[in-house]
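# Descriptive structure summary
Chain by chain, the residues run as shown.
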Amino acid sequence: QRLAFDDFIFFFSSRRRHTRCSGVSWARRCVQETGINAEYMGKIKIMSHKSTLRVLSQVLVGTMGSFIFGYGLGVFNTVQDIVAKQLDWPEDKKNFNVGLVTSTVALGAAFGAYLGGIVVSKFGRRLTMIMADVITIVAVFPTLVSNLGSILIGRILLGFAVGINSAVVPLYIREVSPNALSGTTGSCHQLLITLGILLSLVLGYGLPTKDDADFGTSNWWKIMFGIPLIPAAIRILGLLFVFTSDTPQYLSQIGKIGEAEAALSDIYHYEDCLLYTSDAADDLLCVDLGGRRIIKKKKT
């Protein structure tokens, strides 16, 4: 007996009250021994993930957007003095210009986060991340020009990409992660944001100090502004050539059931089992498929 695709999703995410048993005779015996008045629902297949390494690799590709998020927030704080020097900002306008450049990222992110929720529902998680990466690449080049207006344009575009990433990356992580790894993968978004901020500060050690002769001529700050090109390119290549399917949930939402099941098969393999349900029992019986341990679960 085969359940519908939505039943696979609910079954995997434990939102349905159920009992899982492995092996026909052993399953029936373990249910009988509990004394639960369980109803046999037939033989089905359930999902368990194929490879932890593959899941983590897919999540890492997705969280390149999180890295850009953190790096974009932190990088200007590191380079503001040398930028002010090379762009000849007057001392009385320096603080204003620094605040202006810093705030443009937040402004762009606000619009990006709002539109990101719309775009991710219409075009899917994968395509939305590719779009964010293209915007990131476009945003880098204006920031390499020694002009305040150009830097502002680049920072607004970068903020827009950051906002989109803040909407799509956590959703993508959740939908490609099995329950067994959800705690680990769920922390990757914040971890990569933090690593992005950290790198933006560490690279600041390559900047000349105010006492150095090349303080007014060094282009190291432009290299720092160009760093987001690398994670953006990594994610585009990863999504185009390695993780080429969107998430199963999104594909099922738009009615592409065949593609959704194919996407599931990239992440999970299916195991034969028996399904029992019981609404009258105080506890639910679950049998671990690997160790064949009987686990009691309180009903919620």
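Look above for the structure.
Our subject in this report is the structure included herewith. (Residues numbered from 1 in each chain as written. Predicted model: local features only at pLDDT ≥ 70, side-chain atom pairs only at ≥ 80, totals over all residues. Heavy atoms only, no water.)

## Thoughts on the overall build of the protein
Check the secondary structure of the protein and you find 13 helices and 5 strands. When each of the 300 residues of the protein is scored for burial, the buried share is 47%. Expressed as a percentage of contacts within the protein between residues at least 6 apart in sequence, the contacts between residues at least 24 apart total 79%. Counting only carbon and sulfur atoms, one obtains 60% of the accessible surface of the protein, whose full area is about 14700 Å². (Helix = DSSP H or I, 4+ residues; strand = E, 2+ residues; numbered from the N terminus. Buried < 20%, exposed > 50% of the residue type's maximum accessible area, 1.4 Å probe, protein only. Contact = heavy atoms within 4.5 Å. Areas by Shrake-Rupley, 256 points an atom, 1.4 Å probe, with all protein chains shown as cover.)

## Digging into the packing of helix α4 (residues 64-86) against helix α5 (residues 91-123)
The contact between α4 and α5 brings their axes to 10 Å, and the two run at 155°. It follows from the interaxial angle that α4 and α5 lie roughly antiparallel. In this structure, α4 meets α5 at a crossing whose hand is right-handed. Mapping the contact onto sequence places G72, L73, F76, N77, Q80, D81 and A84 in α4 and K94, V98, V101, T102 and V105 in α5. Taken together, the residues of the contact of α4 with α5 break down into 6 nonpolar, 4 polar and 2 charged. (Axes fitted to C-alpha atoms, helices over the stretch in contact; angles between N-to-C directions. Parallel < 35°, antiparallel > 145°, perpendicular 65-115°, else oblique. Left-handed = near helix turned anticlockwise from the far one by under 90°. Nonpolar A, V, L, I, M, F, W, Y, C, P; charged D, E, K, R; others polar.)

## Some thoughts on the packing of aromatic side chains
Counted according to the given criterion, the structure contains 3 aromatic pairs. Pairing F67 with Y71 gives two aromatic rings, centres 6.2 Å apart and planes at 15°, and the pair type is stacked. With F67 and Y71 both in helix α4 and 4 residues apart, this pair spans about one turn of that helix. In this pair, the class of F67 matches that of Y71, namely buried. Judged by centre distance (6.5 Å) and plane angle (5°), the rings of F76 and F225 are stacked. Pair noted here: F76 is in helix α4 and F225 is in helix α10 (residues 220-226), with a separation of 149 residues, a long-range link. In this structure F76 comes out as buried when scored by relative accessible area, which is 1%. Among the aromatic residues, ring-to-ring pairing joins F76, W221 and F225 into one connected group. One Lys or Arg, K122, reaches over the ring of F123 and ends 5.8 Å from the middle of that ring. (Phe/Tyr/Trp six-rings, centres within 6.5 Å; stacked < 30°, edge-to-face > 60°. Lys NZ or Arg CZ within 6 Å of the ring centre and 35° of its normal.)

## A closer look at empty space enclosed by the protein
Inspection of every chain in the model, using the stated rule, returns 1 cavity of 30 Å³ or more. Considered as a void within the structure, the largest cavity measures approximately 60 Å³ in volume. Along its surface, the largest cavity is lined by Y71, G72, V75, A139, V140, T143, R155, L158, F225 and P228. The set of elements that each furnish at least two residues to the lining of the largest cavity consists of α4, α6 (125-143) and α7 (148-176). (1 Å grid on protein atoms, 1.4 Å probe; cavity = no way out; pocket = protein on both sides within 12 Å on 5 of 7 lines; lining within 4 Å. Points joined across faces, edges and corners; volume = space filled by probe spheres on them.)

## Observations concerning the side chain of T185
Along the polypeptide, T185 turns up in helix α8 (residues 182-186). For T185, a relative accessible area of 1% gives the class buried. Setting aside chain neighbours within four positions, we find T185 in contact with V55, L56, V59, I173 and S177.

## Observations concerning α4
In a regular helix each residue adds 1.5 Å, so 23 residues correspond to 33 Å; α4 covers 31 Å between its end C-alpha atoms and thus fits that length. The principal kink in α4, of about 55°, is found at Q80. Within α4, 17 of the 23 residues are buried, which leaves the element mostly enclosed by the surrounding structure. (Expected span 1.5 Å × (residues − 1). Bend = angle between axes of the 7 residues up to and from the residue.)

## Some thoughts on unusual backbone geometry
Of note, D88 is a non-glycine position whose phi angle comes to about 55°, a positive value. By secondary structure assignment, the location of D88 is in the loop between α4 and α5.

## Comments concerning the pattern of salt bridges
In total, this model carries 4 salt bridges according to the counting rule given. The salt bridge involving R125 is made with E175; its shortest N-O contact spans 2.8 Å. Taken together, the positions of R125 in helix α6 and E175 in helix α7 put the pair 50 residues apart, joining distant regions of the chain. Overall, the relative accessible area of 4% leaves R125 in the buried class. (Salt bridge = Lys/Arg side-chain N within 4 Å of Asp/Glu carboxyl O.)

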